[in-house]
Amino acid sequence: MKQILSFVLIMLGTVGTLFAQERTGKVTDASSGAVIPSVNVSVQGTSRGVVTDASGSYKIVAAEGSKLVFSFIGYTSVTQTVGSATVIDVQLAPSTTQLDEVVVSTGSRNAQRTVTDAALPIDIIGASDLKMTGQTTFDKALQYSVPSFNTVNTPVNDATTLLDPWEIRNMGPSRTLVLVNGKRKNLSSLLYVQFSPGRGETGVDISAIPQNAIKRVEILRDGASAQYGSDAIAGVMNIILKDKYEYTSLNFNTGITSAGDGGMYGLALNGGANFGTKGFVNYTVDFSQQNSAVRSGIIHVPTEIATFGGSPAQDALITTFLKDNPTGGNINGTAETTAGKFLVNFGIPVGDKNELYGNAAMVIKRVSSFANYRTPYWRQDRGLLHSVTDNGGKNYITKETLAFSTDNVDTYKGYVGYVPTFEGDLVDYNASLGLRGETNGWKHDGSLTIGGNTQGYTVDNTVNRTLGTASPTRFKPGGYEFGHIVGNIDVSKAITDKLGIAFGMEARSEKYTIIAGDEASYSGEGSNSFPGINAINAGSNQRFNVGAYLDLSYDVSKDFLINGTVRTESYSDFGSKNVWKLSTRYKFADDKVVLRGSASTGFRAPTLHQIYAQSVQAAFVGGQIQLSGLFNNKSVQARLLGIPALKPEESMNYTFGLGLNPTNNLSITLDYFTINVKDRIVYSSSISSSDANSALGKILSQAGVRTVQFFINGIETVNSGIDFVIAYKNINLGQGKLGVNLAGNIMLQNEIVGNPTTPDAIKAAGSSILNTQIKSLLTESRPKYKAILAFNYGVKKWNVNLANTLFGSTAFQDLDNGGADMENIKAVFTPAVVTDLSVSYNFSKNVSFTANANNLLNILPKWDLEAQNAAGAAAINTPEKKALLRGFLGFSGRYDILGYNGSQFSQLGTMFNANLQIRF
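Treat the numbers as computed from the prediction; the structure is a model and nothing was measured.

Draft legend 1. Here's a closer look at the overall build of the protein. Each helix and strand counted, the protein has 15 helices and 46 strands in total. Across the 920 residues that make up the protein, the buried fraction comes to 56%. Contacts spanning at least 24 positions in sequence make up 69% of the contacts within the protein whose residues lie at least 6 apart. In the form shown here, the protein has an accessible surface area of approximately 35900 Å², with 58% of it arising from carbon and sulfur atoms.

Listed below in structure tokens is the structure:
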């Protein structure tokens, strides 16, 4: 009987398919009548689906009696039963509840507020916006979507190759809170210690999130510690995952740079299923391979001689070697990266008004890069690596990928050097499980979130000179782990049509682990290029905190809104913090003009990394490798130096804005902000002492290092600026529609207030915790302004996006080489416009192709020396002097292209990539 029934059902389905017809129509805005491109149109209960084109039109095959579902971000979904008509036009109404799921959308924890009533500046970037950038990772897509968001590839930064530091409003990567579906995302375990933006901080690895799993991204550009707790000084980024299943998509990605390297290959699958009335599961699997792109700079010989020379024989060795090998054997550029990303998001109805929900994600990543080549005039480790024999019977160290002239073996004295490699392995995961619903008008949401990040390192083709011939050539220097467990309870209710209340609690446990390297990696000098983590510095540390908030919002009138929030937090390691926020919004001229503003206090707890990290790093200083120690604030050395325990940063934020909506197709926003951070935590400059008998000198000697760094609440900073967004859509142009967007960020102030707090022992040694290098990184290493002008044109099956990103000037001032002249000059990167072109074509309702040319005009970061005073002008008054100092700032010319201390954008030039999407 079951077999007969199954046969009947199959036949009925076949008959339904045979009688299905092509349905066409147009989707428009119910309020304005404007067409809506990119609306998802699907046949309920099947995998068939299409999207509307630039004119809002669609074509889909559907049988009579089936149901078409029309959905788009910002609009209420519509389900239309198919009748005998072949033309089905639909109007979508703007949604007033669509963002209830996203608490960050309004900057309030109160669930009754919507984006149209928002009192704060918010960026909403849809999945299609991210795709049109042509960037292959989420963080780089944001770089070309959000003016206040900045990140740059760092070419020779060891562990930083696993993820690049990013930041909003020049505030560092640790002052923006990242949420996934409204739940806190875990931090990376890596503490940035290199001389690049973000030094001394850690952040969330947003590149770990597969783009194909993202429904939209919401960025609240305002302090939000009162709503969300620590880390929200600069703002909040909420990543909303795809939920309701509409169709399965398979994406093939490939790309290459115009130089013929940096090849990229990727395959991503997004699919899922719907069940019941509201149940869904949505998953994404993403695999990618990014090959290395090498941009090694030509070494400036006079600078190299000034750094490493000193005798006729040594100078001749340098000159001869660089004649054969102008780049000095360096393999500098982007790392080779292999990644697998997995993500699932689901919701299960429980009764009529409750839902069990959850999501889980994991990324596994491996990177491979190179340290700087150890040239024979820099340092020689004879007989410690593999040897080969030339015709003269001499042994020397080599690398098969490098071709050196044998004519000069006698000059090299039989030795040509070697290049150490760096390998990094990363696992990042997060998962949330919760129950939300409504009872007697009270909305409630309880959830548990876990997350973690683990990194392990390997260095190869190098040695530990201290161990001599017993040294291995491959080392495991150790690694780091960070994890957290977060519990949330949030409750809200609209008490009246004017008054809303929200309150809740959060409990969080964090754990930071330092993993020791193998003994050979840290014994004595340690493994060359990346010393291992000493076992005495390894271990785990943990802390707990509990926070609670109360949020009230009141509509004084239909146009006038007031919102206030208070929060208290208690940490197990430093006590309690209380913060508040007040925001308001007033609308007039039939809602076409909106005035808004906010004032708030905020805080950022020192990360466990900053409290407990302790290590020895190898640094290149004046042509020599020096060991530098990071002493944490719990160490004996810190107590001897009088370094106090870390405490939270405190901030005061103000935002004032104007919003204009002259027509349904034109919107303009302009927002001013200022962020004052007191007790800001900084990673000090390298502290040394010329007096071995001073307190500092004795501490350095006992620790076996030449210099020391530490963390301290040492400075006060002020960041202020203006954000603006102008969007004009649905401009009739020929047979298609044109959209124009202009968005920008202008930094008016990025300054350190007053003088840093320097412990007495450091002062007595004649040192400061904040030298010119560190000040420059904090205040000048990100663009002073950035603007994005984008044109999007859709006609029939074509869509073209042309974006121009203006990067303002950055600067960097160095002290490692060049002597006193470095105090009087700066490396200044000039403003530049990077143009990106994206062209898409829909071959059918299920197949589309997109071709991207990023940096179409092959623009590279350019910099020059700028005198800061008369002494600086004298220092660069001749081409020879200028070239020498430029070489010092560019590390002997090796980073003339790759300068990452102040570079505004990628150094790879033009990049081509393509995407083929198949839906089924």
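Right, picking up where we left off after that structure.
Draft legend 2. Looking closely at the sheet that holds strand 14 (residues 235-241). Spatial ordering of the open sheet is given by 8-13-14-11-12, a layout of five strands whose pairing is mixed. Each having just a single partner strand, strand 8 (122-126) and strand 12 (183-184) make up the two edges of the open sheet. Here strand 8 pairs with strand 13 (residues 214-220) via five bridges, running antiparallel. Bridged to G126 within strand 13 is R216.

Draft legend 3. Spatial organisation of the pattern of salt bridges. Per the counting criterion, the structure on display carries 36 salt bridges. Among the salt bridges present, the one from R175 reaches E201, with a minimum N-O distance of 2.7 Å. Here R175, found in the loop between strand 10 (166-168) and strand 11 (176-180), pairs with E201, found in the loop between strand 12 and strand 13; they are 26 residues apart in sequence, far enough to count as distant. Across this residue pair, the class does not change: R175 and E201 are buried. Of the charged contacts in the structure, one is a salt bridge between E649 and R175, with a shortest N-O distance of 2.8 Å. A residue pair is termed long-range when its members are at least 10 positions apart, and E649 in strand 34 (residues 649-663) and R175 in the loop between strand 10 and strand 11 qualify at 474 residues. For the pair formed by E649 and R175, the shared burial category is buried. One network of salt bridges, with partners in common, ties together R184, D231, E506, R508, E510, R543 and D573.

Draft legend 4. How the structure looks around a nonpolar patch on the surface. A cluster of nonpolar residues, W442, I495, F503, L550, L552, Y554, V556, I562, V566, W580 and L582, forms a patch on the protein surface that exposes about 900 Å² of accessible area. Elements supplying a minimum of two residues to the nonpolar patch: strand 28 (539-555), strand 29 (560-571) and strand 30 (575-588). No other element matches strand 28, which puts three residues into the nonpolar patch. With relative accessibility at 30%, the residue W442 sits in the partly exposed group.

Parameters at a glance
- Residues numbered from 1 in each chain as written.
- Predicted model: local features only at pLDDT ≥ 70, side-chain atom pairs only at ≥ 80, totals over all residues.
- Heavy atoms only, no water.
- Helix = DSSP H or I, 4+ residues; strand = E, 2+ residues; numbered from the N terminus.
- Buried < 20%, exposed > 50% of the residue type's maximum accessible area, 1.4 Å probe, protein only.
- Contact = heavy atoms within 4.5 Å.
- Areas by Shrake-Rupley, 256 points an atom, 1.4 Å probe, with all protein chains shown as cover.
- Pairing = 2+ DSSP bridges.
- Salt bridge = Lys/Arg side-chain N within 4 Å of Asp/Glu carboxyl O.
- Patch = residues over 30% accessible without salt bridge, like charges linked within 9 Å, V, L, I, M, F, W, Y side chains within 5 Å.

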